[in-house]
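# Report on the structure
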Amino acid sequence: MIALADSMLVVEDLRVSFPNRDGTRTEAVRGVSFKLGRERLGIVGESGSGKSQTGRAIVGLTAPEAIVTAKTLTFNGIDLLRCSPKQRRALRGARIAMVLQDPKFSLNPVIRIGDQVVETLRAHRRISSAQARSQALAALAAVQIDQPERVYQLYPHEVSGGMGQRAMIAMMLIANPQLLIADEPTSALDVTVQLQVLAILDALVVQRGMGLIFVSHDLRLVSTFCDRILVMYAGRVVEEIAAGGLADAQHPYTRGLLNCLPRLGDDRHPLPTLDRQPEWSL
């Protein structure tokens, strides 16, 4: 466990709810609590478990109709729920950044990639156009993009999914944030490119001493990449385990997810499915 003094992010009893048509509200995130230091924290679970909404609530990108509450939601002592909108905007992108899931929907299709990276930097720093361009090229090179000058001039539709995801990472890291939230950054990529993107994130976390929240539905991927894992089901954390101890998970939901994974050498057709129990969501 991370001591409070060593935590850059403290989340206690985080709740996010959305309105229904009948006037009631549905809680997408229910009482999530954790602390984050300079480490790699994985959040896993099925679609709809509240993983992405947890990350969006931290960054302040929740939809306007949502209600976000928490006993504690602080970043380096700053109360993220009570700070002014101006202070929240200053934090977002500069000190807390979020890489979204699919670059096809995250990058502006009518703006060149280099201009989008520059825009992120100049939103937080007073810097000349020439300096901004130089730093943007360096950021593209830092995420292992060959010929960054060429990619700088391209539009998002002119690059592959892996290249677009690297550009997204460069955009989020150019202002040197202390905390990076990566929301399924490898889900749309093939296995080879997945490993390349993870290697980039790993190197940047180590070199810059950042905290990383890695959101994914891939248990095996998270167990090999992260230090700790939060397992979410129906909007709440059902288990917190060390990544190396995933095989010893105790909660039946986590064990059920592991049992559904294919195994080399085993004839498992059809694959088992989860037998969900009502008490898991309580």
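This write-up is about the structure you can find in this document.

Conventions adopted
- Residues numbered from 1 in each chain as written.
- Predicted model: local features only at pLDDT ≥ 70, side-chain atom pairs only at ≥ 80, totals over all residues.
- Heavy atoms only, no water.
- Axes fitted to C-alpha atoms, helices over the stretch in contact; angles between N-to-C directions.
- Helix = DSSP H or I, 4+ residues; strand = E, 2+ residues; numbered from the N terminus.
- Parallel < 35°, antiparallel > 145°, perpendicular 65-115°, else oblique.
- Left-handed = near helix turned anticlockwise from the far one by under 90°.
- Contact = heavy atoms within 4.5 Å.
- Salt bridge = Lys/Arg side-chain N within 4 Å of Asp/Glu carboxyl O.
- Buried < 20%, exposed > 50% of the residue type's maximum accessible area, 1.4 Å probe, protein only.
- Core = buried A, V, L, I, M, F, W, Y, C linked by side-chain atoms within 4.5 Å.
- Expected span 1.5 Å × (residues − 1).
- Pairing = 2+ DSSP bridges.
- Phe/Tyr/Trp six-rings, centres within 6.5 Å; stacked < 30°, edge-to-face > 60°.
- Lys NZ or Arg CZ within 6 Å of the ring centre and 35° of its normal.

## Here's the deal with the packing of helix α4 (residues 113-122) against helix α5 (residues 129-142)
For the pair α4 and α5, the least separation of the axes is 9 Å and the interaxial angle reads 115°. With respect to each other, α4 and α5 are oriented roughly perpendicular. Judged by the twist between their axes, the crossing of α4 over α5 is right-handed. In this structure, α4 contributes I113, V117, V118, L121 and R122 to the contact, and α5 contributes S129, A132, R133, Q135, A136 and L140.

## A look at the pattern of salt bridges
Note that side chains of opposite charge can pair when their charged atoms are close. By the definition in use, this model includes nine salt bridges. The partner of R228 in a salt bridge is E39, with the nearest N and O atoms 2.7 Å apart. Of this pair, R228 sits in strand β10 (residues 228-233) while E39 sits in the loop between β2 (25-36) and β3 (40-44), and the two are 189 residues apart along the sequence. Residue classification places R228 among the buried residues on the basis of a relative accessible area of 11%. One salt bridge in this structure joins D202 and R40, with 2.4 Å as the shortest N-O distance.

## Looking at the nonpolar core
Grouped together as the largest cluster of nonpolar side chains are 59 residues, with contacts concentrated most on L140, I169, L180, F214, I229 and Y253. Not counting the four nearest positions on each side in its chain, L140 is found in contact with I113, V117, I145, P148, Y152, A167 and A170. Counting residues in each nonpolar core, the second largest holds 31 residues, with L14, V16, L41 and M232 among its members.

## Points about α5
In this model α5 runs 20 Å from its N-terminal to its C-terminal C-alpha over 14 residues, within 8% of the 20 Å that 1.5 Å per residue would give. Packing partners of the buried residues in α5 comprise α4, α6 (148-152) and α7 (161-173). Just beyond α5, the residue with positive phi is Q144, at close to 65°.

## What to know about the sheet that holds strand β11 (residues 236-242)
Spatially, the six strands line up as an open sheet ordered β7-β8-β9-β3-β10-β11, and their pairing is mixed. Each edge of the sheet is formed by a strand with only one pairing partner; in this case those strands are β7 (96-99) and β11. Taken over all neighbouring pairs, the strand axes of this sheet differ in orientation by 20° on average, direction set aside. Across four bridges, β3 lies against β10 in parallel orientation. Bridge assignment links L41 to a residue of β10, and that residue is R228. Taken strand by strand, helix α8 (residues 191-208) contacts β3, β8 (179-183) and β9 (211-216), and its axis lies near 155° from that of β9. Its contacts with the sheet place helix α10 (residues 252-259) against β10 and β11, and it is angled at close to 100° to β10.

## A closer look at the packing of aromatic side chains
Summed over the entire model, instances satisfying the criterion amount to four aromatic pairs. An angle of 50° between the planes, with centres 4.6 Å apart, marks the rings of Y233 and Y253 as tilted. Taken together, the positions of Y233 in strand β10 and Y253 in helix α10 put the pair 20 residues apart, joining distant regions of the chain. Residue Y253 is classed as buried on the basis of its relative accessible area, which comes to 0%. Grouping aromatic residues by their ring pairs yields a cluster made of Y233, Y253 and W280. A cation over a ring is seen here: R40 above F225, with NZ or CZ 5.5 Å from the ring centre. Seen from the ring of Y152, R133 lies directly overhead, with NZ or CZ sitting 4.5 Å from the centre.

## Comments concerning unusual backbone geometry
A negative phi holds for most residues other than glycine; trans holds for most peptide bonds. Despite not being glycine, N76 shows a phi value in the positive range, around 50°. For N76, the position within the fold is in the loop between β5 (72-75) and β6 (78-79). Look at N76 and you get partly exposed, because its relative accessible area is 35%. Positive phi, normally seen in glycine, also occurs at N176, with a value near 55°. As for its position among the elements, N176 is in the loop between α7 and β8.

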